[in-house]
Amino acid sequence: MKLLFISLGCDKNLVDSEFMLGMLTQRDITLTDFEEEADIIIINTCAFIGDAKEESINTILEMAQYRKSGSCKALIVTGCLSQRYQDEVLREIPEVDAILGTNSYDKIVEALDACLEHEKYTNFATLEGLPKLHSKRLLTTGGHYAHLKIAEGCNKNCSYCVIPSIRGRYRSVPIETLVAQAKELVDEGVKELILVAQETTLYGIDLYGEKSLHKLLDALNEIQGLLWIRIMYCYPEEIDANLVAAIKRNSKVAHYLDMPIQHCNDEILRRMNRKTNKKELMEHIALLRKEIPDITLRTTLICGFPGETFEQHEELMEFINEMEFDRLGAFAYSPEEGTKACDMPDQVEEETKLDWVSDVMELQEEISMDKNESMAGRELTVFIEGKVADENAYIGRTYRDAPGIDGYIFIHTDEELCTGDIVKAIVTGAYEYDLIGELKDEFTK
């Protein structure tokens, strides 16, 4: 049987998909990229914001045509959209044979068996505990880097966010389990681990009675063969002295921190139910740069939150200009039913939101260009990602770049390099978001 597996949404969802693929490929199943030849189609959906929901629904409807025509024998839907809209999916898209909630992906083989017996199947485990996983993941990231999901769910209850309702409260994966998973990945060739969760900075609070991300970093740093450990999704108010010290003392922890702040205006932050304010944000950023001078800071912002005024948008622009984040993404606010923000008055016009996103990204492009130009002459360790077609040039990433969301460094050389190689390079030029470099020393495998 041939399986087409479509994973939508975030890297946390991708980890769930890779575990499902690991379970499925223990059976007599081969993978395909072509829906017209697939006997089985599985879609792991996203429902975080409007665009993600639309993509998930359109994908299900498109794949349902192959189930209707008979070329596909089983259509299975999993993930956030199925958790959030299970009744609607089953009612409106009868071609769906099985549907699993966000805490039931360990039942994927059971679901498939039911479908092949021509039975409908649903499974929505309570959003407590974690699925029991008995097989290795099948990596889809090329094998040289992998995401390590350290926790599930969220306790923050931001007023715009549906995650607590579809993923549950915060549940950490035990340190010993994560270390075992990490060692398996490194043994298979992974050189970079990217720590992900809805929020990484609260890791361990439920298991150990205290924030324990620093202890996890200490344990992962001991793994032989690992190059980088990258930390994503850190809430600024939870970044403490223990975490900063662990980043400094563990040589494999990249000096890179993803810290979504969403806005800087105190009133907007309050209505977002964020647990920080502008003064505290500035203090956190200053402390990180003081303690770790070469740290790369990434953040994410929401433009057009209900009630946001032009003056508050201008305040955000001034904040960005002053803080000079190394990496920054901005998104238009998406009203999600069931959230407090969706029912707030003074919803901002869609055109205004998009204009404000453009303002932010144009400013960030200038900041990024200046920062990249200042890197000239610096020696950096580079992780080779691939080759530029028809050129003696390779695409790489430095510690400053998370895969899929940040920039690259382009290295011109006559040397033969392979994906996953680690080289030293000197920065010789810059684009708005990317660097240009030349090879310095012999590379290592």
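Residues numbered from 1 in each chain as written. Predicted model: local features only at pLDDT ≥ 70, side-chain atom pairs only at ≥ 80, totals over all residues. Heavy atoms only, no water.

Q: I would appreciate a short explanation of the overall build of the chain in the present structure.
A: When you go through the chain residue by residue, the secondary structure sums to 14 helices and 19 strands. A compact globule built from 445 residues would reach a C-alpha radius of gyration of about 22 Å, and the chain, at 22 Å, matches this within 12%. Overall size of the chain, expressed as C-alpha extent along the three principal axes, is 65 × 60 × 45 Å. Taking all 445 residues of the chain together, 57% fall into the buried category. The long-range share in the chain, meaning contacts at least 24 apart out of those at least 6 apart in sequence, stands at 72%. Surface exposure of the chain reaches about 19100 Å², of which carbon and sulfur atoms provide 49%. Separation of charge centres in the chain, based on 47 positive and 82 negative side chains, amounts to 6 Å. (Helix = DSSP H or I, 4+ residues; strand = E, 2+ residues; numbered from the N terminus. Rg over C-alpha atoms; globule rule 2.2 N^0.38 Å. Buried < 20%, exposed > 50% of the residue type's maximum accessible area, 1.4 Å probe, protein only. Contact = heavy atoms within 4.5 Å. Areas by Shrake-Rupley, 256 points an atom, 1.4 Å probe, with all protein chains shown as cover. Lys, Arg positive; Asp, Glu negative; His and termini not counted. Charge placed at Lys NZ, Arg CZ, Asp CG, Glu CD.)

Q: Hey, could you run me through the side chain of Asp 434 in this one?
A: Along the polypeptide, Asp 434 turns up in the loop between β18 (422-430) and β19 (435-439). The buried charged residue Asp 434 lacks any salt bridge partner; its closest oppositely charged side chain belongs to Arg 327, at an N-O distance of 7.5 Å. A distance of 2.8 Å separates the side chain of Asp 434 from the backbone nitrogen of Tyr 408, its partner in a polar contact. Setting aside residues no more than four positions away along its own chain, Asp 434 makes contact with Asn 372, Gly 407, Tyr 408 and Phe 410. (Salt bridge = Lys/Arg side-chain N within 4 Å of Asp/Glu carboxyl O. Polar contact = N/O pair within 3.5 Å; in protein donor to acceptor, adjacent residues only side chain to side chain.)

Q: I tried to follow the sheet that holds strand β1 (residues 2-7) on my own but got confused; where do I start?
A: In a beta sheet, neighbouring strands pair by backbone hydrogen bonds and run either parallel or antiparallel. With parallel pairing, six strands are arranged side by side in an open sheet as β2-β1-β3-β4-β5-β6. Two strands bound the open sheet, and with one partner strand each, they are β2 (30-31) and β6 (121-123). For β1 and strand β3 (residues 40-45), the ladder comprises five bridges, and the chain directions are parallel. Opposite Ile 6, over in β3, you have Ile 43 as the bridge partner. The strands that helix α1 (residues 11-24) touches are β1, β2, β3 and β4 (74-79); relative to β1, the one it contacts most, it runs at about 165°. The sheet strands contacting helix α5 (residues 108-116) are β3, β4, β5 (98-100) and β6, and the helix crosses β4 at an angle near 155°. (Pairing = 2+ DSSP bridges. Axes fitted to C-alpha atoms, helices over the stretch in contact; angles between N-to-C directions.)

Q: Looking at this structure, I do not really get the environment of Ile 268. What am I missing?
A: If you trace the backbone, Ile 268 turns up in helix α11 (residues 266-271). Looking at Ile 268, the relative accessible area reads 0%, which means it is buried. Separated by 39 residues in sequence, Ile 268 and Gly 307 place their C-alpha atoms 8.0 Å apart. Apart from residues lying up to four places away in sequence, Ile 268 is in contact with His 263, Phe 305, Glu 308 and Gln 312.

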